[in-house]
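Inside the fold
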Amino acid sequence: MMKLFMAWSASIITLLATANYQGYSATSMFSGPQSADKSVNHWHK
Amino acid sequence: MEVPDTGAVPPLPPAKPPGRVKVFACPNCGGAVTLRAVGNSITVQCSHCSSLIDVANENCQVIAAAEAAIAGAAIEIGKRGKIDGIDWEVVGFQQRCDESGSFEWTEYLLFNPYYGYRFLIDEQGNWTLVKMLNRDVPGVGVSDTVSFEGRDYKRFSEGKSYTRRIGGEFYWRASTDDVSDGVDYVSPPYRLFGERNNDEIIVSHGHYISPSDIGEAFGIEAASLAGPEIGANQPNPYAAAKAAIVPIAILAVVGATVVQFAGLFMTDRSQIDTTTYSFTSADKDKAVTGPTFTLRGTSNIEVDSIAQLNNDWLELDLSLVNTETEQTFPATQGMEYYSGYDSDGSWSEGDNSSTVVFSRVPAGTYKLLIEPDSGSFAKAPASTTASSVLTTTTVDGVTFPSFASASPQAAPATPPVLARVKLMHGTINWSNYFIALLLLILLPGYILARYWWFEASRWAESGTSSGSDSSSNDDDDSNDTSSSWSREE
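Reading guide: rules and limits
- Residues numbered from 1 in each chain as written.
- Chains lettered and ligands numbered in written order.
- Predicted model: local features only at pLDDT ≥ 70, side-chain atom pairs only at ≥ 80, totals over all residues.
- Helix = DSSP H or I, 4+ residues; strand = E, 2+ residues; numbered from the N terminus.
- Contact = placed C-beta atoms within 7 Å.
- Buried ≥ 20, exposed ≤ 12 C-beta atoms within 10 Å, placed from the backbone.
- pLDDT = per-residue confidence, 0-100.
- Nonpolar A, V, L, I, M, F, W, Y, C, P; charged D, E, K, R; others polar.
- Axes fitted to C-alpha atoms, helices over the stretch in contact; angles between N-to-C directions.
- Parallel < 35°, antiparallel > 145°, perpendicular 65-115°, else oblique.
- Pairing = 2+ DSSP bridges.
- Core = buried A, V, L, I, M, F, W, Y, C linked by C-beta atoms within 7 Å.
- Expected span 1.5 Å × (residues − 1).
- Bend = angle between axes of the 7 residues up to and from the residue.
- Arc of directions from axis to C-beta.

Below, the discussion takes up the overall build of chain B. What chain B contains, in helices and strands, is three helices and 25 strands. For chain B, restricting intrachain contacts to residue pairs at least 6 apart in sequence, the fraction spanning at least 24 positions comes to 65%.

Helix and strand content of chain A: one helix and zero strands. Burial statistics for chain A: of 45 residues in total, 24% are counted as buried.

Parts of the prediction with low pLDDT should not have their coordinates interpreted in detail. Residue and element names in this part refer to chain B. Summarising the model, chain B shows a mean pLDDT of 80, and 79% of its residues fall at 70 or more. Looking over chain B, one finds the lowest element-wise mean pLDDT in strand β24 (residues 389-393), namely 46, and the highest in strand β10 (residues 126-132), namely 94. Long-range and interchain partners of residues 382-412, a stretch whose pLDDT sits below 50, account for 57 contacts in this model, where long-range means more than four residues apart. Taken as a whole, residues 465-484 scores under 50 in pLDDT and shows 35 contacts with residues more than four places along the chain or in a different chain. Reported confidences for the modelled complex are a pTM of 0.64 and an ipTM of 0.72.

So, on to the interface of chain B and chain A. If you look at the interface, chain B gives 41 residues, while chain A gives 27 residues. Secondary structure elements with two or more residues in the side of chain B that touches chain A: α2 (239-266), β18 (299-307), β19 (312-322), β20 (328-342), β22 (353-361) and α3 (430-460) of chain B. The element contributing the most residues to the side of chain B that touches chain A is α2 of chain B, with nine residues. Among the residues forming the side of chain B that touches chain A, the class breakdown is 23 nonpolar, 16 polar and two charged.

A word on the environment of N311 of chain B. For N311 of chain B, the location among the structural elements is in the loop between β18 and β19. For the pair N311 of chain B and Y338 of chain B, spaced 27 residues apart in sequence, the C-alpha separation works out to 4.0 Å.

This part is about the packing of helix α1 (residues 2-22) of chain A against α2 of chain B. Two elements in contact, α1 of chain A and α2 of chain B, have axes separated by 10 Å at closest approach and are oriented at 10°. Judged by the angle between their axes, α1 of chain A and α2 of chain B are roughly parallel. Of the residues in α2 of chain B, those touching α1 of chain A at M2, F5, M6, S9, I12, I13, L16, A17 and N20 of chain A are A244, I245, I248, A252, G255, A256, V259, Q260 and G263 of chain B. Its residues assigned to classes, the contact of α1 of chain A with α2 of chain B comprises 13 nonpolar, five polar and no charged.

Moving on to the sheet that holds strand β23 (residues 364-374) of chain B. Residues and elements named next belong to chain B. One open sheet holds the five strands; their spatial order is β17-β23-β19-β20-β21, and the pairing between them is antiparallel. Strands at the two margins of the open sheet, each flanked by one partner only, are β17 (288-295) and β21 (345-351). Going across the sheet, the axis of each strand differs from the next one's by a mean of 15°, ignoring polarity. Relative to β20, β19 is paired through 10 bridges, and the arrangement is antiparallel. Note that in β20 the partner of D317 across the bridge is T332.

A separate point is the packing of α1 of chain A against α3 of chain B. At a closest axis distance of 10 Å, the pairing of α1 of chain A and α3 of chain B adopts a crossing angle of 180°. On the basis of the axis angle, α1 of chain A is roughly antiparallel to α3 of chain B. Residue-level inspection shows F5, S9, I12, L16, A19 and N20 of chain A of α1 of chain A in contact with α3 of chain B, the latter providing N432, Y433, A436, L439, L440 and L443 of chain B. Class assignment for the residues of the contact of α1 of chain A with α3 of chain B results in nine nonpolar, three polar and no charged.

Right, let's get into the nonpolar core. The nonpolar side chains of a soluble globular protein tend to be buried, and buried together. All names here are of chain B. The biggest cluster of nonpolar side chains holds 31 residues, and the ones touching the most others in it are A307, L314, L318, L320, L368, I370 and A419. Those elements that place two or more of their residues in this core are β16 (270-279), β18, β19, β20, β22, β23 and β25 (417-425). By residue number, the principal contributor to this core is β25, which donates six residues. The next biggest cluster of nonpolar side chains, apart from the first, holds 22 residues, and it includes I77, L129, A174 and F218.

The subject of this paragraph is the pairing of strand β2 (residues 32-35) of chain B. Residue and element names in this part refer to chain B. Going residue by residue along β2, you find V33 and L35 tucked away on one face and A32 and T34 left uncovered on the opposite face. Across four bridges, strand β1 (residues 22-25) lies against β2 in antiparallel orientation. Across the sheet, V23 pairs through a bridge with T34, a residue of β2. Taken together, β1 and the strand that follows it, β2, pair antiparallel across an intervening segment of six residues, in which G30 is found at a positive phi of about 85°.

Quick look at unusual backbone geometry now. Residue and element names in this part refer to chain B. With an omega dihedral of 10°, the bond running from P188 to P189 counts as a cis peptide bond. Look at E326: it is not a glycine, yet its phi comes out positive at around 60°. Within the secondary structure, E326 sits in the loop between β19 and β20. In this structure, R360 takes a positive phi of about 45° despite not being glycine. With respect to the helices and strands, R360 occurs in strand β22.

Moving on, we come to α2 of chain B. With 28 residues, α2 of chain B should cover 40 Å at 1.5 Å per step; its first-to-last C-alpha distance of 40 Å lies within 8% of that length. The sharpest bend along α2 of chain B measures roughly 25° and falls at I245 of chain B, with the proline P247 of chain B sitting one to four residues further on.

Further remarks concern the environment of G426 of chain B. Turning to its location among the elements, G426 of chain B is positioned in the loop between β25 and α3. Residue classification places G426 of chain B among the partly exposed residues on the basis of 19 C-beta atoms within 10 Å. Once you skip the residues sitting within four places of it in the chain, G426 of chain B turns out to touch G23 of chain A together with T267, D268, R269, S270, S299 and N300 of chain B.

Moving on: α1 of chain A. All names here are of chain A. For α1, with 21 residues, the first-to-last C-alpha span of 30 Å sits near the 30 Å given by 1.5 Å per residue. All buried positions along α1 are accounted for by F5, S9, I12, I13, L16, A19 and N20. Looking straight down α1, one finds that the buried residues subtend no more than 130° of arc, so they occupy a single side. Among the exposed residues of α1, those pointing more than 90 degrees away from its buried face are K3, L4, A7, A10, S11, T14 and T18. Phi for G23, located one or two positions after α1, is positive at around 75°.

Next comes the structure, spelled out in structure tokens:
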């Protein structure tokens, strides 16, 4: 069980480092980039 | 054929081991009484009439007739069992209780001719094998903490012990009138006992034996030997897991903290823009163009908005649009603030600020588009004047805008909703860190909680206020002499 917990801890820390590096927020309301939407063209001024 | 007499002396037969069995007639009822530790036992009880017989001399006089028949012993007298690799025979037992009479326990007297006597104490399913010490242990009966063979023992209970029933044979003059002062100390799985009987002070040392081991040793079903209560010196089943997992958890928490703060110092975070917008009903269903900026690498974009709201709400539909690929990152910010007075006084609810984070935004040039909607937009006729940007600040994002100082350049038909929108990139999200901490301490927290619950249950049964932590290296309060159990000089 201790080895499992060590592996679990290492995974969590790695995830934290990756998330911080990529700017990912676990609690962000953002659900990810959407595909290109041509309808936004009219917003460009 | 005759064997010649050589004159040699025949070898002596091997000496009988001490503690041989002897059978004699009970002087009270005439029944056969078996003495299992001849030469050691002083008192024996007749298994037929329960009379106590003095076997210290050849006359075997009756000391007293027992008041009640022997009953209630989980292990029969005469049974043999191997404990810790040594064969023991049960030669006697005594049932005892505390002053209130509510707590009873049984002490079995075990005998092995080569190892002497041991006590096997059954405290309602918690078993301790006890050996009498031939030396004094300083502090027993006086201090709250006693050191013995490198371990610290904490006082667990003390009080008088009354012998209720006896059976079998004993190396002392056992009696149902026996009363003794006792104190005990625990350092699971070990235990120290101090007992004062008349002028005699006896210190004994014991260790916990599981009911399954007792059952296996004496051929008794273990379930019938176990009890529901936690024993004074019963090993905490979570102690080993706690000792192993806590250092790992501490290391993991330190590691996560280092990673988090390293991210704080290494991430290229900066403020992109701070703008105060004046949204009017004319902006509804239209996109207000925010700042355009360039990201050099994958990063996050944090949008902090704060609005001047008075019993109103504001919703900002945000779109972060890559000007080259038109890839869009959408998000919504909702803010509302209501206040008033009622019979209970003033009240307020809601939050006029909101933060969203666009995660993992790839490198590129982006434009922020804001589509506002507000409750006030529907209350009054729509303005014919488009919104205008009041102020633009690119530094010192921590200063909130002074809405009072913001003066609309062209007064719209409806009051504008002022909102300051601040953009940052490369921000470190603390929620990641706290979620990581939560995940890291989940299992250790569970184990610690079970460990502490076990200790709290153990010490709840104690007669002291020693607390729930019974670790062997607690604060040394060995100078406490407030005990009522004291040695007589």
